[in-house]
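Fold and contact review
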Amino acid sequence: MGAIILELPEYWSMLRRYWALILVLTVSGVGVAVAVALIVPPRYEVSSEIYVSVGTAAKASGEELQAAASFARRSVLSYAQYISTPYVLDGAAKRLDGKLSAADLKQLTEAYARTGTSIIRITVAQRDPQLAYDASSAVTDEAARVIGEEQRNPDSKERGPVLVEVVSPPQLPSSPVSPRMPIAIALGLFFGLAAGFIAAFATHAAQGSRRARSAARW
């Protein structure tokens, strides 16, 4: 079967004839998208950042300062992984007074080191915004405490312990990261409109084929 090519006047004729079909499918697409967005549970994310450095002697040379900074950047990857261990999460769960267990926090928490920096970003995702904020605060505070108190620089006895500073504290989220209603509506509009045009074109082509066969018989 050859390709069906419509001239511009034929497109306008098709749109005028099947505008109701296109409208119904477009509205249906938006309606389905909105319904899905309302049904899917909201997901809130709370992020924080901690900065890791190494204490140095008061009269440390530039070379010693550079070595300390290099040690911190090398170690930050393992510190990020350390956050998902019971050493941090058990204490964080205690701070939450039973709202979430350490196992829950392990599933909800993601920590990674920002490339080329000594900063660890911690993100907690939860359906309840207040609980997400509380959990993020607990994990962040506990991570800063545990890493700062228990980790030491093995390269030099003159350097102090690993220092951890919360440079970006958790903030209570005002809106979920998903689902996002504007995006859902836009997708529903796009796919609904596309379905409407496809259905109109297919119906127009089918009717044209029937008319052609009918004319051929006569």
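Residues numbered from 1 in each chain as written. Predicted model: local features only at pLDDT ≥ 70, side-chain atom pairs only at ≥ 80, totals over all residues. Heavy atoms only, no water.

1. So, the nonpolar core
- Grouped together as the largest cluster of nonpolar side chains are 27 residues, with contacts concentrated most on Ile50, Ile83, Leu105, Ile120, Ile122, Val139 and Ile147.
- Going through the elements one at a time, strand E1 (44–54), helix H2 (62–82), helix H3 (86–95), helix H4 (102–108), strand E3 (119–126) and helix H5 (129–150) are the ones with two or more residues in this core.
- Here the element with the most residues in this core is H5; it accounts for seven residues.
- Filtering out sequence-adjacent residues up to four positions away, Leu105 remains in contact with Leu89, Ala92, Ala93, Leu96, Leu100, Ala135 and Val139. (Core = buried A, V, L, I, M, F, W, Y, C linked by side-chain atoms within 4.5 Å. Buried < 20%, exposed > 50% of the residue type's maximum accessible area, 1.4 Å probe, protein only. Helix = DSSP H or I, 4+ residues; strand = E, 2+ residues; numbered from the N terminus. Contact = heavy atoms within 4.5 Å.)

2. Notes on the pairing of strand E2 (residues 109–113)
- Sheet analysis places E2 next to E3, joined by five bridges and oriented antiparallel. When the bridges of E3 are listed, Tyr112 appears paired with Arg121.
- Hairpin remark: E2 followed by E3, antiparallel, with five residues in the connecting loop; positive phi at Gly116, about 75°. (Pairing = 2+ DSSP bridges.)

3. A few points about H3
- For H3, the set of buried residues is Val88, Leu89, Gly91, Ala92 and Ala93.
- The first or second residue beyond H3 is Asp97, which carries a positive phi of 55°.

4. Some remarks on the side chain of Glu142
- Position of Glu142 relative to the elements: it lies in helix H5.
- Those residues in contact with Glu142, other than ones at most four positions away along the chain, are Tyr87, Val88, Gly91, Ala92 and Arg95.

5. Focus on the pattern of salt bridges
- Applying the stated rule across the entire model yields six salt bridges.
- A salt bridge links Arg43 to Glu45, with the shortest nitrogen-to-oxygen separation between them at 2.8 Å.
- Exposure remark for Arg43: the relative accessible area of 36% places this residue in the partly exposed category.
- Across the pair Arg95 and Glu142 runs a salt bridge whose closest N-O atoms are separated by 2.8 Å. Of this pair, Arg95 sits in helix H3 while Glu142 is found in helix H5, placing the two residues 47 residues apart along the sequence. (Salt bridge = Lys/Arg side-chain N within 4 Å of Asp/Glu carboxyl O.)

6. Here's the deal with the packing of aromatic side chains
- Across all of its chains, the model carries two aromatic pairs by this definition.
- Taken together, a centroid distance of 5.6 Å and an interplanar angle of 5° make the contact between Tyr82 and Tyr87 stacked.
- Taking the relative accessible area as the measure of exposure, Tyr87 reaches 56% and is therefore exposed.
- Their ring planes at 80° and their centres at 5.1 Å tell us that Phe190 and Phe191 sit as a pair that is edge-to-face. (Phe/Tyr/Trp six-rings, centres within 6.5 Å; stacked < 30°, edge-to-face > 60°.)

7. Concerning the confidence of the model for the chain
- For the chain, per-residue confidence averages 81 on the pLDDT scale, and residues scoring 70 or more make up 76% of the total.
- Taken together, the stretch residues 153–159 has pLDDT below 50 and engages in 15 contacts with residues farther than four places along the chain or on a different chain. (pLDDT = per-residue confidence, 0-100.)

8. Let's talk about the environment of Trp19
- Note on placement: Trp19 falls in helix H1 (residues 8–39).
- Trp19 gets classed as exposed once you look at its relative accessible area, which sits at 54%.
- A C-alpha to C-alpha distance of 8.6 Å links Trp19 and Gly196, two positions 177 residues apart in sequence.

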